Amino acid sequence: MNIGDAAQASGLPPKTIRYYEDIGLVQPDRRGNNYRDYSDTHVHNLQFLARARSLGFSIEQCRQLLSLYGDRCRASGDVKAIAIRHIGEIERKIAELQAMHDTLSNLVEACHGDHRPDCPILQDLAGDRT
């Protein structure tokens, strides 16, 4: 199938599919006219990548996971280790977001939100700690 059909079947935009090809995540076959020719296996791998990306795995992690997926001699522990590291990254991001939330909530609480020009939110953004 051509890239448009592969995009429709995988749920990924053609631009993303081309990017994945450029970085070596997928390698479609080529027809005699040098057009891309995607098989059902290619589409399945694109769906795999879409799902992995939706779970927040990085491109490099996706590369590793796709390689392990294609390796029938893989150790599931290798896959689990990637997932555990990713959970750690997610937990760090959650902590950062929670800290941002707490800081902004405190600033909003301190702001009168009335006609006065003084604003703790703007003061904090400007680095004015007075």
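Quick summary incoming for the structure in this document. (Residues numbered from 1 in each chain as written. Predicted model: local features only at pLDDT ≥ 70, side-chain atom pairs only at ≥ 80, totals over all residues. Heavy atoms only, no water.)

Observations regarding the overall build of the protein
Thought 1: If you tally the helices and strands in the protein, you get six helices and two strands.
Thought 2: Of the regular secondary structure in the protein, the N- to C-terminal order runs α-α-β-β-α-α-α-α.
Thought 3: Over its C-alpha atoms the protein spans a radius of gyration of 23 Å, topping by over 25% the 14 Å that the globule rule assigns to 130 residues.
Thought 4: Along the longest, intermediate and shortest principal axes, the C-alpha atoms of the protein span 70 × 40 × 20 Å.
Thought 5: Looking at the protein alone, contacts between residues at least 24 apart form 43% of all its contacts between residues at least 6 apart.
Thought 6: For the protein, the accessible area works out to roughly 9000 Å², and carbon and sulfur atoms hold 54% of it.
Thought 7: Looking at charge distribution, the protein has the averaged site of its 16 positive side-chain charges lying 7 Å from that of its 18 negative ones. (Helix = DSSP H or I, 4+ residues; strand = E, 2+ residues; numbered from the N terminus. Rg over C-alpha atoms; globule rule 2.2 N^0.38 Å. Contact = heavy atoms within 4.5 Å. Areas by Shrake-Rupley, 256 points an atom, 1.4 Å probe, with all protein chains shown as cover. Lys, Arg positive; Asp, Glu negative; His and termini not counted. Charge placed at Lys NZ, Arg CZ, Asp CG, Glu CD.)

Notes on the environment of K80
Thought 1: Looking at the element boundaries, K80 is found in helix α5 (residues 76-110).
Thought 2: Of the residues examined, K80 reaches a relative accessible area of 56% and is grouped as exposed.
Thought 3: The spatial distance from the C-alpha of K80 to the C-alpha of L65 is 10.0 Å, given a sequence separation of 15 residues. (Buried < 20%, exposed > 50% of the residue type's maximum accessible area, 1.4 Å probe, protein only.)

Considering helix α1 (residues 3-10)
Thought 1: Along α1, the residues that are buried comprise I3, A6, A7 and S10. For α1, the angular spread of the buried residues around the axis is 100 degrees, confining them to a single face.
Thought 2: The secondary structure elements touched by the buried residues of α1 are α2 (14-22), β2 (36-37) and α3 (40-54).
Thought 3: Positive backbone phi, at 85 degrees, marks G11, one or two positions downstream of α1. (Arc of directions from axis to C-beta.)

Some thoughts on the packing of aromatic side chains
Thought 1: By the definition in use, this model includes two aromatic pairs.
Thought 2: Here Y19 and Y20 contribute two aromatic rings whose centre-to-centre distance is 6.1 Å and whose plane-to-plane angle is 45 degrees, an arrangement assigned as tilted.
Thought 3: Given the relative accessible area of 5%, Y20 is considered buried.
Thought 4: Sitting above the plane of the Y69 ring, R72 keeps its charged end 5.7 Å from the centroid. (Phe/Tyr/Trp six-rings, centres within 6.5 Å; stacked < 30°, edge-to-face > 60°. Lys NZ or Arg CZ within 6 Å of the ring centre and 35° of its normal.)

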